[in-house]
Amino acid sequence: MGNFVKNVGVIGLGSMGMGIAQSLIKNNIPTYGFDLNQAACQTLLDYGAKDVGQNAVEFAQQLDAVLMVVVNGRQVNAILFDGEKPLVEALKPETIIVLHSTLSAEQTKQIARRLAAYQLLLVDAPISGGAIKAADGKLTVMASGAPELFERLTKVFNAISERLYRIGDDVGLGSTVKTIHQLLAGVHIAVAAESMALAAKSGINLDVMYDIVTHAAGNSWMFENRMQHVLEGDYTPKSSVDIFVKDLGLVMETGKALNFPLPLAATAHQMFIAASNEGFGHQDDSAVIKTFKGISLPESKT
């Protein structure tokens, strides 16, 4: 088992997956990329991928590890287990599946059990850091799984991450930590929007308000990053409203499973659902500010 993985497949070449795949290539790890978007595949091929395709099944025998960077658990399950020729049937035994997507702990454990039937191994490895950190190979990874799998993946994690946190050996622990992190991220965006909406209602210059908060104790990384989008009137999604509808939904599921109250997460979740319901689901998550009535927000400069 002590052998390092050689060929790696990355499924999902969005902003995060693309950065991960390019970081692997930069570190001379033979990399295959898979996405339904042909343009993304071509970009990675031009960057130096061994090969690309819409479906990983045709290259499955070459792969020692598969990194999954897709949107949700439904997509993960569909790619691995569904279709005429499911990926699980095409992969070699002992291939490692690395789950980078944000799932509930229960979903992750269920996937691990289904993979075990095919002698496939799972590392639960949610990520944080955004597209820029992904491109720089400086992601934060919150991971759990068998120690020997981390040994085999040493070069992979060195290539894609600045910080690798080993939460424990049990699959699901990484997902739980990521879920708790998303509770903070979602609540911070929601409260940042609420505070700037109040400033707008009060007739305070939003640029001045932003400058004060970002140099004072009430600041957060999310306030600083997302309220910049509001000031620019630019809601091009880096991370969308609907992603927080999903992620705070996972937070609420976790609380429900433990019979544990999460009052602020519940309120933030309802705010993102309201924003999605008003038609802002595919906009940047800072668009949650648009649900506040009776205020005027900055227009796009372009």
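Calculation rules
Residues numbered from 1 in each chain as written. Predicted model: local features only at pLDDT ≥ 70, side-chain atom pairs only at ≥ 80, totals over all residues. Heavy atoms only, no water. Helix = DSSP H or I, 4+ residues; strand = E, 2+ residues; numbered from the N terminus. Buried < 20%, exposed > 50% of the residue type's maximum accessible area, 1.4 Å probe, protein only. Core = buried A, V, L, I, M, F, W, Y, C linked by side-chain atoms within 4.5 Å. Polar contact = N/O pair within 3.5 Å; in protein donor to acceptor, adjacent residues only side chain to side chain. Contact = heavy atoms within 4.5 Å.

Caption draft 1: Representation of the environment of Leu149 in the model. As for its placement among the helices and strands, Leu149 is situated in helix 7 (residues 147-152). A relative accessible area of 3% means that Leu149 is categorised as buried. Separated by 95 residues in sequence, Leu149 and Gln54 have C-alpha atoms that sit 27 Å apart.

Caption draft 2: Fine view of the nonpolar core. Within the largest apolar cluster, 35 residues are counted, with the highest numbers of intra-cluster contacts made by Ile20, Leu24, Val123, Leu153 and Phe157. When residues of this core are traced back to their parent elements, those giving at least two are strand 1 (8-11), helix 1 (15-26), helix 2 (38-47), strand 4 (65-68), strand 5 (96-99), strand 8 (139-144), helix 7 and helix 8 (154-160). Looking at this core, the element that brings in the most residues is helix 1, giving six residues. With 34 residues, the next largest nonpolar core counts Ile189, Ala193, Met227 and Ala265 among its residues.

Caption draft 3: Seen up close, the side chain of Thr214. Within the element layout of this structure, Thr214 appears in the loop between helix 10 (206-213) and helix 11 (221-232). A polar side-chain atom of Thr214 sits 2.8 Å from the main-chain carbonyl oxygen of Tyr210. Among the polar contacts listed, one links the side chain of Thr214 to the backbone oxygen of Asp211, at a separation of 3.2 Å. When sequence neighbours within four positions are dropped, the list of residues in contact with Thr214 reads Asn219, Phe223 and Glu224.

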